[in-house]
Amino acid sequence: MPLQPYQREFIEFAIANNVLTFGQFTLKSGRQSPYFFNAGKFNSGSVLAKIGGYYASAITARKDLKYDVIFGPAYKGIPLSAATVIALATGEAARDVPYSFNRKEKKDHGEGGSIVGSPLKGNILIIDDVITAGTAIRESIEIIKQAGANPAGIVVAIDRQEKGKNSDLSAIQEIQNEFGIPVTAVVTLDSVVEYLEEKGGEQAEMLEAMQEYRNQYGAKYD
């Protein structure tokens, strides 16, 4: 699928804000990666406003996503979900969507419980930064099901399209297969490679390293 304008903008935005950086990075898996994506660098009002817009663009581009509430898993999913619903309400979609997030520990005073914001009812769209091992997403799906709601989809900033240690499938593929719900990414590793191919010139060295990494660790797709 060709690179969409919002995806190209997002990659440029992520590079400009040092969210997407290139070099040599040791991942938690022990792999040496030629790039690193750090969503923790989305750390100012103007930056959050922009990132919310990119998530909203990715959501509206998926015509098959049906959702009633947006849910942001603690902790990184909280500001991302808030930024996304603001963008949906004020952008072209003009849709006012309720949102909620979870606490890591339940409160036993005040309103109590572990969910803050809108009740989890109907179809729930989960917003997070990335899916690495899938642990946080599985916890979110369990929270949603326990509330009697339906996990209807997941949206993340980037899909590394990288196979796991013990499987040729990526973490996102495993989640999709296990729960039968769609996972959408603002950009994928393929998107980043395509962007570097477009740029050419001084990006050539980075592009070569990215392609080699994808060839070695890329997940298998039918």
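Residues numbered from 1 in each chain as written. Predicted model: local features only at pLDDT ≥ 70, side-chain atom pairs only at ≥ 80, totals over all residues. Heavy atoms only, no water.

Per an unreviewed UniProt entry, the recorded name for the protein is orotate phosphoribosyltransferase, and the organism is Linderina pennispora. Its UniProt record, at the heading Function (unreviewed entry), says of the protein: "Catalyzes the transfer of a ribosyl phosphate group from 5-phosphoribose 1-diphosphate to orotate, leading to the formation of orotidine monophosphate (OMP)." (UniProt positions renumbered as here; feature names shortened; annotations may be inferred.)

Draft legend 1. Highlighting the overall build of the protein. A tally of helices and strands in the protein yields 7 helices and 8 strands. Here the C-alpha radius of gyration of the protein, 18 Å, is about what a compact globule of 222 residues would show, namely 17 Å. Dimensions along the principal axes, computed over C-alpha positions, put the protein at roughly 55 × 40 × 30 Å. Burial analysis of the protein (222 residues in total) assigns 46% to the buried set. The long-range fraction of contacts in the protein, counting pairs at least 24 apart against all pairs at least 6 apart in sequence, stands at 68%. When the accessible surface of the protein is totalled, it reaches about 11,400 Å², and 49% of it is carbon and sulfur. (Helix = DSSP H or I, 4+ residues; strand = E, 2+ residues; numbered from the N terminus. Rg over C-alpha atoms; globule rule 2.2 N^0.38 Å. Buried < 20%, exposed > 50% of the residue type's maximum accessible area, 1.4 Å probe, protein only. Contact = heavy atoms within 4.5 Å. Areas by Shrake-Rupley, 256 points an atom, 1.4 Å probe, with all protein chains shown as cover.)

Draft legend 2. Here's a closer look at the side chain of Ser140. Here Ser140 shows up in helix H4 (residues 135–146). For Ser140, a relative accessible area of 2% gives the class buried. Excluding anything up to four places from it in sequence, Ser140 contacts Phe71, Pro73 and Ile126.

Draft legend 3. Region of interest: the pairing of strand S8 (residues 183–188). Among the 6 residues of S8, 6 are classified as buried, and the element is accordingly described as predominantly covered. As defined by bridge partners, strand S7 (residues 150–159) adjoins S8 across 5 bridges and the pair is classed as parallel. Residue pairing for S8: Ile154 is matched across the bridge by Val183. Between the parallel pair S7 and S8, the chain is carried across by helix H5 (residues 171–179), and the sense of this crossover is right-handed. (Pairing = 2+ DSSP bridges. Right-handed = clockwise from strand over helix to strand, strands pointing away.)

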